[in-house]
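# Results of the structural survey
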Amino acid sequence: MPQTLFEKIWNAHVVAQDAGAPAVLYIDLHLVHEVTSPQAFSGLRARGLQVRRPDKTVATLDHSTPTKDLHLPIADPLAAKQVAQLEANCAEFGVPLYGLNSERRGIVHIIGPELGLTQPGMTIVCGDSHTSTHGAFGALAFGIGTSEVEHVLATQCLLQRKPKTFQVRMGGALQPGVTAKDIILALIAQIGIEGGTGHVLEYTGNAIRALSMEARMTVCNMSIEGGARAGLIAPDDTTFEYLAGRPFAPQGEAWERALAGWRQLPSDEGARFDQTVTLDAGALEPMITYGTNPGMGVPISGRTPDPDALRDVGQKNAARKALDYMGLRPNQPLLGQPVDVVFIGSCTNSRISDLRLAAGVLKGRRVHPRTRVLVVPGSQQIKRQAEQEGLDTVFKAAGAEWRESGCSLCIAMNGDQLEPGQYAVSTSNRNFEGRQGRGGRTFLASPLTAAASAVEGQIADARMYTG
Amino acid sequence: MQPIKTFAARLLPLPSENIDTDQIIPARYLKVTDKAGLGDALFTDWRARDPNFILNQPRAKEAGILVAGDNFGCGSSREHAPWALLGFGFKAVISTSFADIFRNNALKNGLLPIVVDEATHQQLMSLAEEDPSAQITVDLAAQTITLPDGRAVTFPMDGFVKQMLLQGVDEVGYLTAKADAIAQYEQAHGGTLRTQPSLS
């Protein structure tokens, strides 16, 4: 019987399946960071257990770490303690750590692919919902809680019920100035933030095949914002070219063997999905959110909704509450809305291609005086590459701040945050109330839109800048 | 984890839909290295914004079951969300649906995510809003909630998870008992990736 990509990976990782019980699923790669792991290591210690496979585990520091003055001690005592705790846990349990001063450190979902750890056909987990990012390689990758982090540390396995499958078929070709971020924001606006609950998404179609690996990661990254724990894209030559030669990718004969296996992974002709939705990428405009969840997105030339015009009581209340929090009027155009802060970064959009897009708009231009711009590369390697290309000079000359890598203003745990009432155009993934700082108000958009908005000091259409 | 026995508890209504885990507990409270004390930070920004918010009312401390809108617990995978709900004193959350990761995290900690149909949900929400002292009884073994009028409503629950919760055991024991099967799997399918030695 024809199988989907998901089913092939799932079936290859079931260690045991007792009647009535969930599957015992083997995990090929476990990524660990400082925020969701301390209680898991404490649990191991309390039970007298070891990390079963430290050689299938990697840790880094990203969430609560500073993005400037790395040579100084961490000012926040709680963050400092959490960082020290991960360092101690990794030393005690033999887990490799890309620590504060490592040149390979970065956001956990950036460095996995960058180092070649993320490979097709794998199962990958991390105590972080944006683990879905790694699905861009045709790996089954999903976020887990701290209890499950402990399970994987102890046994390299998880108990899982098999999710359903959901095909997102994306035909057509993107118009100039429209990016992967706009694809995923448009999808979530269409299916809603719980549209993918209980499902693994597989993105298919010409528009997906045409995307670079970095753009595919942006799409898969936000699968969770549509409610799906995982999103997959079948591996192809684009995937293999990206992986070849990366430090942890197989080499020589092992590469050839791996490649032969990876080519068998794509969903078979005639494989059945539990659900399918079709979108025309050619019809998409740049997207922006106006509200307080990632499903509240509209084309950039659009307007906020009028709650009174909505029939559904739930939607009416949600729209009213969102506009109230955002301080926006019904039927207000998004273009021209003043912006205090622009954030270019996060596991969604902080890769070199994202920085190049933003720099392309900012080159030879100045950031508007009312706007502060933070550019936070996804990893120290990306930072170095951007500096070699002179992108940092472009950003600094425009008046933007150029920082060290980390999650930064996406989650606002490290001191980078919005002040109450401030408006931000952000390339990150969540616009929840207070996500970027208590009282802060977030518009999610692409790096192009963010850069154009930085120049104008208000929400702007980047297509005016991209020729 | 304590075995979950049949219990009766008061309800607290929170009718918003799509309550994400950033609202349940904001990220700035995630810089902890243990699980204790997070109850004080439950919905802290909503509590700070509105003195009359339901969690600021005396009845909140008397309640054991949160009745919340659809898609409760969406967003971040932080297990701090169920830790904070338990820390505040909740034993269950009732909604028409839960986000996948939150539901898993809740069950790992003995916080019951109880899914009911829309009509029952409306009835419970009205009951909670009209009568702060109204109690319902939760019987996990029978998978029922019993309303004050005596009507019992069943709720879905994974049979395997239910047994774990009734016995008060977690999944680590089940998984470690599979050590032989795991070792066999590793021999047959080991995979080539090794994260060690790490790069400089």
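Here the structure is shown first, and the text comes after it.
This one's a predicted model, so the numbers in the text were calculated from it and none came from an experiment. (Residues numbered from 1 in each chain as written. Chains lettered and ligands numbered in written order. Predicted model: local features only at pLDDT ≥ 70, side-chain atom pairs only at ≥ 80, totals over all residues. Heavy atoms only, no water.)

### Describing the overall build of chain B
Helix and strand content of chain B: nine helices and seven strands. The buried share of chain B, taken over its 200 residues, is 57%. Total accessible area on chain B is roughly 8,100 Å²; 49% of this is exposed by carbon and sulfur atoms. Computed over 17 positive and 23 negative side-chain charges, the inter-centroid distance for chain B is 5 Å. (Helix = DSSP H or I, 4+ residues; strand = E, 2+ residues; numbered from the N terminus. Buried < 20%, exposed > 50% of the residue type's maximum accessible area, 1.4 Å probe, protein only. Areas by Shrake-Rupley, 256 points an atom, 1.4 Å probe, with all protein chains shown as cover. Lys, Arg positive; Asp, Glu negative; His and termini not counted. Charge placed at Lys NZ, Arg CZ, Asp CG, Glu CD.)

### Things to note about the interface of chain A and chain B
In this complex, chain A contributes 79 residues to the contact, which on the side of chain B involves 62 residues. Taken together, both faces of the contact between chain A and chain B bury some 5,800 Å²; the carbon and sulfur share is 55%. Of all residues in chain A, Gln39(A), Leu159(A) and Arg438(A) give up the largest surface area on contact with chain B, accounting jointly for 11% of the area buried on that side. Summed over the shared surface of chain A and chain B, the result is 11 salt bridges. One salt bridge in this structure joins Asp170(B) and Arg47(A), with 2.6 Å as the shortest N-O distance. Applying the counting criterion to the chain A and chain B interface returns 33 residue pairs in polar contact (both at pLDDT 80 or more). Considering each element in turn, the side of chain A that touches chain B owes the most residues, six residues, to helix α5 (residues 146-155) of chain A. (Contact = heavy atoms within 4.5 Å. Buried area = accessible area lost by both parts, 1.4 Å probe. Salt bridge = Lys/Arg side-chain N within 4 Å of Asp/Glu carboxyl O. Polar contact = N/O pair within 3.5 Å; in protein donor to acceptor, adjacent residues only side chain to side chain.)

### Thoughts on a negative patch on the surface
A contiguous patch of negative charge, built from Asp312(A), Glu17(B), Asp117(B) and Glu118(B), is present on the exposed surface. Residue position: Asp312(A) is located in the loop between β14 (297-299) and α11 (313-326). Using a relative accessible area of 42% as the deciding quantity, one classes Asp312(A) as partly exposed. (Patch = residues over 30% accessible without salt bridge, like charges linked within 9 Å, V, L, I, M, F, W, Y side chains within 5 Å.)

### Focus on the sheet that holds strand β6 (residues 144-146) of chain B
Residue and element names in this part refer to chain B. Spatially, seven strands are ordered β4-β3-β2-β1-β5-β6-β7 in an open sheet, and the strand pairing comes out mixed. Each edge of the open sheet is held by one strand with a lone partner, namely β4 (112-115) and β7 (152-154). Averaged over neighbouring strand pairs, the angle between their axes works out to 30° when direction is ignored. Note that strand β3 (residues 92-95) and β4 share four bridges and pair parallel. Bridge pairing in β4 links Ile94 to Ile114. In the packing of helix α6 (residues 118-130) onto the sheet, the strands contacted are β1 (7-14), β2 (63-68), β3, β5 (135-139), β6 and β7, and the crossing angle to β1 comes to about 90°. (Pairing = 2+ DSSP bridges. Axes fitted to C-alpha atoms, helices over the stretch in contact; angles between N-to-C directions.)

### With respect to the packing of helix α2 (residues 38-47) of chain A against helix α3 (residues 77-93) of chain A
Residue and element names in this part refer to chain A. Between α2 and α3, whose axes approach to 10 Å, the crossing angle comes to 40°. As the angle between them shows, α2 and α3 are arranged oblique. Crossing geometry of α2 relative to α3 is assigned as left-handed. Contacts between α2 and α3 involve Pro38, Phe41, Leu44 and Arg45 on the former and, on the latter, Gln82, Gln85, Leu86, Asn89, Glu92 and Phe93. (Parallel < 35°, antiparallel > 145°, perpendicular 65-115°, else oblique. Left-handed = near helix turned anticlockwise from the far one by under 90°.)

### Here we look at the packing of aromatic side chains
In this structure the tally under the stated criterion is 16 aromatic pairs over all chains. Taking 4.9 Å as the distance between ring centres and 35° as the angle between the ring planes, the aromatic pair formed by Tyr26(A) and Tyr185(B) counts as tilted. On the criterion of chain membership, the pair formed by Tyr26(A) in strand β2 (residues 23-26) and Tyr185(B) in helix α9 (residues 179-189) is interchain, its members lying in two chains. Residues Tyr26(A) and Tyr185(B) agree in their burial class; the two are buried. (Phe/Tyr/Trp six-rings, centres within 6.5 Å; stacked < 30°, edge-to-face > 60°.)

### Some points on the sheet that holds β2(A)
Residue and element names in this part refer to chain A. Across the sheet, which stays open at both edges, the three strands sit in the order β1-β2-β8 with antiparallel pairing between neighbours. The sheet terminates laterally at β1 (14-16) and β8 (157-160), the two strands that pair on one side only. On average, each strand axis in the sheet is tilted by 45° relative to the strand beside it, whichever way the strands run. The sheet contact formed by β1 and β2 spans two bridges and is antiparallel. Note that in β2 the partner of Ala16 across the bridge is Val24.

### With respect to the pairing of strand β19 (residues 441-444) of chain A
Each regular strand shows side chains that alternate between the opposite faces of the sheet. All names here are of chain A. Residues Arg441 and Phe443 point to one face of β19 and Thr442 and Leu444 to the other, with burial holding for every one of them. Strand direction decides the pairing type here: strand β18 (residues 423-426) and β19, joined by four bridges, are parallel. In the sheet register, Ser426 faces β19, and the bridge partner there is Leu444.

### Considerations on the pairing of strand β16 (residues 372-375) of chain A
Residues and elements named next belong to chain A. Of the pairings in the sheet, the one linking strand β15 (residues 341-344) to β16 comprises four bridges and is parallel in character. The residue of β16 that forms the bridge with Val341 is Arg372. With helix α12 (residues 352-362) bridging β15 and the parallel β16, this β-α-β connection has right-handed handedness. Here two bridges tie β16 to strand β17 (residues 401-402), and the two strands are oriented parallel to one another. Residue pairing in the sheet places Leu374 in a bridge with Glu401 of β17. (Right-handed = clockwise from strand over helix to strand, strands pointing away.)

### A word on unusual backbone geometry
With an omega of -5°, the peptide bond between Gln196(B) and Pro197(B) qualifies as cis. Along the polypeptide, Pro197(B) turns up in the segment after α9. Phi angles above zero are rare outside glycine, and Asn331(A) is one such case at about 60°. Examined against the element boundaries, Asn331(A) turns out to sit in the loop between α11 and β15. Positive phi values are uncommon outside glycine, yet Phe43(B) reaches one of about 50°. Relative to the helices and strands, Phe43(B) is located in the loop between α1 (21-24) and α2 (44-49).

### Observations concerning the side chain of His80(B)
Inspection of the secondary structure assignment puts His80(B) in helix α4 (residues 80-88). On the accessibility criterion, His80(B) (0% relative accessible area) is buried. Filtering out sequence-adjacent residues up to four positions away, His80(B) remains in contact with Val35(A), Gln39(A), Ile25(B), Leu30(B), Val32(B) and Leu38(B).

### Description of the nonpolar core
Most often, soluble globular proteins keep nonpolar side chains buried together rather than apart. Counting 83 residues, the largest nonpolar core has Phe395(A), Phe43(B), Phe72(B) and Leu85(B) as its most contacted members. Not counting the four nearest positions on each side in its chain, Leu85(B) is found in contact with Ile24(B), Leu42(B), Leu66(B), Phe72(B), Phe90(B), Val93(B), Phe102(B) and Leu111(B). Core analysis: the next-biggest nonpolar cluster, separate from the first, contains 81 residues, Ala23(A), Val178(A), Val219(A) and Cys74(B) among them. (Core = buried A, V, L, I, M, F, W, Y, C linked by side-chain atoms within 4.5 Å.)

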